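# Breakdown of the fold
Listed here are the chains, written in short residue letters.
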Amino acid sequence: MGTGLIPADGEIWRVRRRAIVPALHQKYVTAMIGLFGNASDRLCQKLDKAASDGEDVEMESLFSRLTLDVIGKAVFNYDFDSLSYDNGIVEAVYVTLREAEMRSTSPIPTWEIPIWKDISPRQRKVNEALALINNILDELIATCKRMVDEEDLQFHEEYMNEKDPSILHFLLASGDDVSSKQLRDDLMTMLIAGHETSAAVLTWTFYLLSKYPNVMSKLQAEADAVLGDGLPTLDDVKKLKYTTRVINESLRLYPQPPVLIRRSLEDDMLGEYPIGKGEDIFISIWNLHRCPKHWDDADVFNPERWPLDGPNPNETNQKFRFHPYYCNKMLFGKPCVTLVSTPSIPKYKSF
């Protein structure tokens, strides 16, 4: 991910955040709701066929493919079409994802050992996958630049190209002053960070629904009442309040990610515990969301704990104990360390 949004430090992070946030305006979000609906409809058709054929399916894999298709079109106007067939780029994405998971837990950075990284079959495969993805992203950036140069451009706050409503197109049309490498790093970050986490939320939510048929019935009733046989619009999404609470509760029990990391920039005190400069702090969102001091029946899936006529859970006074929306906090918000209840917010670097 180079110096993309998550790994970037300090000023690079602030500059890239300011550049990308305006792309997520209401006109874009409205278009994305249609994209989400169409992609979900293709998944439903695939599931209907599997059901009629009596075929078992692996939902995590299907949700991963769904979110990969969505993020490809939404971020850089690339059609993975991974729900329909396997191709080289889909496999390359999963190779890099598995490598990222391995590196995050490996005690020894074998991938940095000069001789090993050249002879290891796994590292060669990873390098080939990265080269393929980077080449495709570079091609997409070049193609989009040509489109922007050729169009009769009148840029404004809610600018969106109807043929290519991607974040990439918005950034180039806005005159974003950035190198192709930085832009590729940002796109790679959004691809990796936004795809598998979203798939995990869907997987855990459906797992919980399978265990609580009464909740599933209520959710189905709301979807039938609001959507009927049509695909959702932005106004429909606002009306799906019980559905939203189901996802809130799923994120409480199975947060994505379950652990956050902060690195201290200075010596500090966290309550009675001294924190040295450069030390890492692991914040277990999983434990925070299941703490019996803060939650009644903490391990029970109960969407009704969030009143339908109340504000969204992350907008209430529960924000210090409920942190499901990691993307908003880490990609598009200020680095958030309020979980540790310290006033020294600037003293911690967000990962």
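Residues numbered from 1 in each chain as written. Predicted model: local features only at pLDDT ≥ 70, side-chain atom pairs only at ≥ 80, totals over all residues. Heavy atoms only, no water.

Looking at an unreviewed UniProt entry, one finds the protein chain named Cytochrome P450 and attributed to Triticum turgidum subsp. durum.

### Some words on the confidence of the model for the protein chain
Note the threshold: The score called pLDDT rates the predictor's confidence residue by residue, from a low of 0 to a high of 100. In this description a helix means any DSSP run of H or I spanning at least four residues, a strand means any run of E spanning at least two, and both kinds are numbered starting from the N terminus. In what follows, residue pairs with any heavy atoms lying within 4.5 Å of each other are defined as contacts.
Mean pLDDT for the protein chain: 83, with 90% of residues reaching 70 or above. Within the protein chain, no element has a lower average pLDDT than helix α13 (residues 326-330), which sits at 36, and none a higher one than helix α9 (residues 213-227), at 96. Predicted confidence for residues 326-351 stays below pLDDT 50, and this span has 80 contacts to residues more than four positions away or in other chains.

### Describing the packing of α9 against helix α11 (residues 241-253)
Condition: Axes here mean lines fitted to C-alpha atoms, for a helix over just the part in contact, with angles spanning 0 to 180 degrees between N-to-C directions. Angle categories: roughly parallel below 35 degrees, roughly antiparallel above 145, roughly perpendicular from 65 to 115, and oblique for all the rest. Ten residue types, Ala, Val, Leu, Ile, Met, Phe, Trp, Tyr, Cys and Pro, are classed as nonpolar, four, Asp, Glu, Lys and Arg, as charged, and the remainder, Gly among them, as polar.
Where α9 meets α11, the closest approach of the two axes is 8 Å, and the angle between their N-to-C directions is 140 degrees. Classified by the angle between their axes, α9 and α11 sit oblique to one another. Only Lys241, Tyr242, Thr243 and Val246 of α11 make contact with α9, whose side of the interface consists of Val215, Lys218, Leu219 and Glu222. Residue classes in the contact of α9 with α11 are distributed as 4 nonpolar, 1 polar and 3 charged.

### Details of the pattern of salt bridges
Under the convention used in this document: For salt bridges, the criterion is a side-chain nitrogen of Lys or Arg within 4 Å of an Asp or Glu carboxyl oxygen. Whether a residue is buried, partly exposed or exposed follows from its accessible area with a 1.4 Å probe, protein chains only, as a fraction of its type maximum: under 20%, in between, or over 50%, in that order.
Per the counting criterion, the structure on display carries 17 salt bridges. The closest approach of N and O atoms between Lys49 and Asp53, which form a salt bridge, is 2.9 Å. With a relative accessible area of 53%, Lys49 lands in the exposed category. Between Arg122 and Glu99 there is a salt bridge; the shortest N-O distance is 3.1 Å. Separated by 23 residues along the polypeptide, Arg122 in helix α6 (residues 121-150) and Glu99 in helix α4 (residues 88-105) bring together distant segments of the chain. Relative accessible area serves as the criterion here: at 5%, Glu99 is assigned to the buried category. Because the salt bridges share partners, they merge into one network encompassing Asp138, Lys181, Arg184 and Asp185.

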